[in-house]
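Each chain, letter by letter, is given below.
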Amino acid sequence: MTSVFDGMAGLLNVTFGGPVIHTPEIGPQVTIQAQFRKRPIEVLDRDGVAMLMMHPSLRVPEPVASAIKDGDHIVPASGVIYRVLNRHPSGSPAADAAVIFELREVT
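Description of the structure in this document. (Residues numbered from 1 in each chain as written. Predicted model: local features only at pLDDT ≥ 70, side-chain atom pairs only at ≥ 80, totals over all residues. Heavy atoms only, no water.)

Section: the packing of aromatic side chains
- Scanning the model with the defined rule gives one aromatic pair in all.
- Ring centres of Phe36 and Tyr82 lie 5.1 Å apart, and the angle between their planes is 50°; this geometry places the pair in the tilted category. Pair noted here: Phe36 is in strand β2 (residues 30–37) and Tyr82 is in strand β7 (residues 82–89), with a separation of 46 residues, a long-range link.
- Accessibility expressed as a relative area gives 18% for Phe36, which makes it buried. (Phe/Tyr/Trp six-rings, centres within 6.5 Å; stacked < 30°, edge-to-face > 60°. Helix = DSSP H or I, 4+ residues; strand = E, 2+ residues; numbered from the N terminus. Buried < 20%, exposed > 50% of the residue type's maximum accessible area, 1.4 Å probe, protein only.)

Printed below as a string of structure tokens:
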């Protein structure tokens, strides 16, 4: 099913995102286009209620987001290594809807 929102996540990602390195627990690292944020953002919890996520985050459109799993590493332009903690849906009905990943700096 198509939606008027199809293609918007990819367009926003190209406009506001940048290259980050994704290193899965198994497999080679790849460079992906994503929106990395250190500031708190609002996400939806499992019940669809808005909450403030205080950790850094990564916003990636599908189908690229499906390759990112909990425990993988993300390295944005700053060179700091982050571990993926979990994923949150963006709430968009689009086929390329963005997924928001909660990150924690690896020390």
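After that view, the rundown keeps rolling.
A word on the pattern of salt bridges
- In total, this model carries one salt bridge according to the counting rule given.
- Note that Glu62 is salt-bridged to Arg87, the shortest N-O span being 3.5 Å. Within this pair, whereas Glu62 is found in the loop between β5 (57–61) and β6 (73–75), its partner Arg87 is found in strand β7, the two being separated by 25 residues in sequence.
- Take Glu62: its relative accessible area is 24%, and that puts it in the partly exposed class. (Salt bridge = Lys/Arg side-chain N within 4 Å of Asp/Glu carboxyl O.)

A closer look at the environment of Thr31
- Relative to the assigned elements, Thr31 resides in strand β2.
- Judged by relative accessible area, Thr31 falls into the exposed class, the value being 58%.
- Between the alpha carbons of Thr31 and Ile74 there is a distance of 9.6 Å; along the sequence they are 43 residues apart.
- Residue contacts for Thr31: discarding those within four places in its chain leaves Pro19, Val20 and Ile21. (Contact = heavy atoms within 4.5 Å.)

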